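Fold and contact review
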Amino acid sequence: MKTESFSDFEEARITGVKVNYYFICKRKLWLFSKGLAFESSSEKVALGKLLHEIVYPASKKKEVLINNLIRIDVVSRKTIRETKYSSKMEEADRWQVYYYLFYLEKLGIKREGEIAYPKEKRVERIKLTDEIREELKEILKEIEEIVALPKPPEVEKQSYCKACAYYDFCFSED
Ligand code: SF4
C-alpha cells in the first residue's frame, strides 16, 4: 500500500487542503493539485485567518510549518487548531484536521485537534480513533490516485459550484 509508511507520505506530498478538497469535489482536488489558480479559496483561507486573529488575539498559538508541507496552529502542548470562515464544509474540515493529527502521530507527536468557527462562536473538538486512522489511509490512497489521473474527473454539479474558484473553468460553454 502506497500510503502505509511515513516516507510514503513524504513522497506523496499530500497537504491538508488536498484532503479538504477530496471531500468537497474530486475535480477541484485534481485542478488544485496541478497548481491551477484558486483565488477565491485563498480569500476564504485569509478570511479565516483574519477572523482567528480578531477573535483569539491573546491566544498563545504558534503557526508551525512541518516538513514544508503541513501548516498547523499550535494552541497548547496538547492541541492544534484549524480556523474556518464558515462550517458549510464541516465534514471536509474535520478530515483535514484528522489528517494533521495523523501526520503528527507518524512523527511521534500525539495531539488533539479543534476547529474554530469564530463567526458561529463555536469550537469543534477532534480526536483520532482507530477507525478514523484506517479510513484515512484509504482516503490518502484515493487522493494519490486522483492526483495521478491524466485528466480531471468529470464535472459533477454541486450546490456550491458557483462559489468555487474553478466555476468558469468547469461551466464555460467552450
Ligand atoms: S466548480 Fe464545481 S465541479 Fe468544478 S471544481 Fe468547483 S466544485 Fe468541482
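What counts and how
- Residues numbered from 1 in each chain as written.
- Predicted model: local features only at pLDDT ≥ 70, side-chain atom pairs only at ≥ 80, totals over all residues.
- Heavy atoms only, no water.
- Pairing = 2+ DSSP bridges.
- Helix = DSSP H or I, 4+ residues; strand = E, 2+ residues; numbered from the N terminus.
- Axes fitted to C-alpha atoms, helices over the stretch in contact; angles between N-to-C directions.
- Left-handed = near helix turned anticlockwise from the far one by under 90°.
- Contact = heavy atoms within 4.5 Å.
- Buried < 20%, exposed > 50% of the residue type's maximum accessible area, 1.4 Å probe, protein only.

With that settled, the discussion passes to the pairing of strand β2 (residues 70–74). Across five bridges, strand β1 (residues 62–66) lies against β2 in antiparallel orientation. Bridge pairing in β2 links glutamate 63 to aspartate 73. Between β1 and β2, which pair antiparallel in sequence order, lie three residues; one of them, asparagine 67, sits at a positive phi of approximately 55°. When β2 meets strand β3 (residues 79–83), the two strands line up antiparallel, connected through two bridges. In the sheet register, aspartate 73 faces β3, and the bridge partner there is arginine 81. Taken together, β2 and the strand that follows it, β3, pair antiparallel across an intervening segment of four residues.

The N-to-C vectors of helix α2 (residues 16–24) and helix α5 (residues 90–106) enclose an angle of 145°; their axes lie 8 Å apart at closest approach. Like other packed secondary-structure pairs, α2 and α5 cross with a definite hand, here right-handed. Only Glu91, Ala92, Asp93, Trp95, Gln96, Tyr99 and Tyr100 of α5 make contact with α2, whose side of the interface consists of Gly16, Val17, Val19, Asn20, Phe23 and Ile24.

Moving on: α2. Across the nine residues that make up α2, a large majority, seven, are buried. Listed in full, the buried residues belonging to α2 are Gly16, Lys18, Val19, Asn20, Tyr21, Tyr22 and Ile24.

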